[in-house]
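Fold and contact review
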Amino acid sequence: QGADRGIVVVDSAAWVVDNVFIYNSQTYGLLEDGTAANSSGWEIINCTFATGTGSNYSHIILLGGGGGQIVGNKLNAAGNGTQSLMNGIAIAPAASHYNSGGFQMGPLSIVGNSIEGEFVGIAFTGAPGNDAISSSGTIMGNQIWAYTDIYAAAGPVYPEWIQNWTISGNILNSQGGAPGMYNINMNGASGANITGNTY
């Protein structure tokens with residue numbers, strides 16, 4: 001409770017965070033980073049991330065690596081902040097991976113989570129000077145009630161940096177009803193398969 005960052009995992013593979021409750025982290029509940037070669041095969045499952053403050057933060061932020069699964073978690077927020085900073089799950093390849101030969105971040109599975117109250121439920125955000133590509137991911141069977149449910153920013157280097165993602169079978173509710181809010185807003189995507197969602 002109350003830490004700047006609840007859990008940080010860097011350059012680590014085959015790890016599991018299971019049945020953990022993280023409350024009121026100031027910037028990140030869980031931060032993961034690394035390259036696809038040394039940071040794969042991880043799981044975040046059955047956890048609860050919650051906040052009662054209006055701080056800008058991400059419950060889970062992924063800066064690198066791949067081969068990970070985020071399954072069956074509850075992410076709940078106070079319900080304010082800015083679109084770029086207040087996220088349930090942020091997929092944000094770090095600028096430190098620049099010049100790494102078209103760094104690949106993926107595959108990722110985000111399945112069966114409940115995400116409520118954030119400005120963005122699941123956010124794809126590129127970083128200046130970043131040449132990372134997020135590929136072969138799945139967003140499936142989640143319940144997302146946020147101002148914008150799934151949002152992707154255009155890639156700062158590669159225009160189509162989000163490649164071959166499937167968004168399927170989710171229940172999406174854009175709360176607040178204000179102009180500019182979306183269930184799904186995808187920029188910089190190639191090969192996206194969006195099917196069977198309930199809006």
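Residues numbered from 1 in each chain as written. Predicted model: local features only at pLDDT ≥ 70, side-chain atom pairs only at ≥ 80, totals over all residues. Heavy atoms only, no water.

Examining unusual backbone geometry
With the exception of glycine, most residues fall at negative phi, and the peptide bonds are largely trans. Although it is not a glycine, Ala-14 adopts a positive phi angle of roughly 55°. Tracing the backbone shows Ala-14 in the loop between β1 (5-10) and β2 (16-18). (Helix = DSSP H or I, 4+ residues; strand = E, 2+ residues; numbered from the N terminus.)

Some details on the sheet that holds strand β4 (residues 28-33)
Taking strand neighbours across the sheet as the criterion, the 7 strands line up as β1-β4-β7-β10-β14-β18-β22 in an open arrangement whose pairing is parallel. Two strands bound the open sheet, and with one partner strand each, they are β1 and β22 (184-185). In this structure, strand β10 (residues 87-91) lies alongside strand β14 (residues 120-124), joined through 4 bridges in parallel fashion. Looking across to β14, one finds that Ala-90 is bridged to Ala-123. (Pairing = 2+ DSSP bridges.)

Some words on the nonpolar core
Soluble globular proteins tend to bury their nonpolar side chains together. Judged by nonpolar contacts, the single largest core of 32 residues is most densely connected at Ile-44, Ile-91, Ile-122, Phe-124 and Ile-150. Of all elements in the fold, only β7 (58-62), β10, β12 (108-111), β14, β17 (143-146) and β18 (148-152) reach the threshold of two or more residues within this core. Contact partners of Ile-150, with chain neighbours within four places excluded, come to Ile-122, Phe-124, Ile-139, Ile-144, Ile-167, Leu-172, Asn-183, Ile-184, Asn-185 and Met-186. (Core = buried A, V, L, I, M, F, W, Y, C linked by side-chain atoms within 4.5 Å. Buried < 20%, exposed > 50% of the residue type's maximum accessible area, 1.4 Å probe, protein only. Contact = heavy atoms within 4.5 Å.)

Describing empty space enclosed by the protein
A full pass over the atoms with the stated rule returns 1 cavity of 30 Å³ or more. Approximately 40 Å³ is the volume found for the largest cavity. Surrounding the largest cavity, Ile-22, Tyr-23, Asn-24, Ser-25, Gly-29, Phe-49, Ala-50, Thr-51, Tyr-57 and His-59 form its lining. Every element with two or more residues in the lining of the largest cavity is listed here: β3 (21-23) and β6 (48-50). Classifying every residue of the lining of the largest cavity gives 5 nonpolar, 5 polar and no charged. (1 Å grid on protein atoms, 1.4 Å probe; cavity = no way out; pocket = protein on both sides within 12 Å on 5 of 7 lines; lining within 4 Å. Points joined across faces, edges and corners; volume = space filled by probe spheres on them. Nonpolar A, V, L, I, M, F, W, Y, C, P; charged D, E, K, R; others polar.)

Let's talk about the sheet that holds strand β24 (residues 193-195)
Taking strand neighbours across the sheet as the criterion, the 7 strands line up as β2-β5-β8-β12-β16-β20-β24 in an open arrangement whose pairing is parallel. Each having just a single partner strand, β2 and β24 make up the two edges of the open sheet. Shown here is a sheet whose adjacent strand axes are inclined to one another by a mean of 5°, direction ignored. As paired elements, strand β8 (residues 68-71) and β12 share 4 bridges and run parallel to each other. Its bridge partner being in β12, Val-71 is matched across the sheet by Val-111. (Axes fitted to C-alpha atoms, helices over the stretch in contact; angles between N-to-C directions.)

Things to note about the pattern of salt bridges
Think of it this way: side chains of opposite charge can pair up when their charged atoms draw near. What the rule picks out here adds up to 2 salt bridges. We note a salt bridge from Glu-116 to Lys-74, for which the minimum N-O separation is 3.2 Å. One end of the pair, Glu-116, is in strand β13 (residues 114-116); the other, Lys-74, is in strand β9 (residues 74-76), and 42 residues separate them in sequence. (Salt bridge = Lys/Arg side-chain N within 4 Å of Asp/Glu carboxyl O.)

As for the pairing of β17
The pairing of β13 with β17 spans 3 bridges and is parallel. Bridged to Glu-116 within β17 is Trp-145. Bridge analysis of β17 against strand β21 (residues 171-174) gives 4 bridges, and the strand direction is parallel. Opposite Ile-144, over in β21, you have Leu-172 as the bridge partner.

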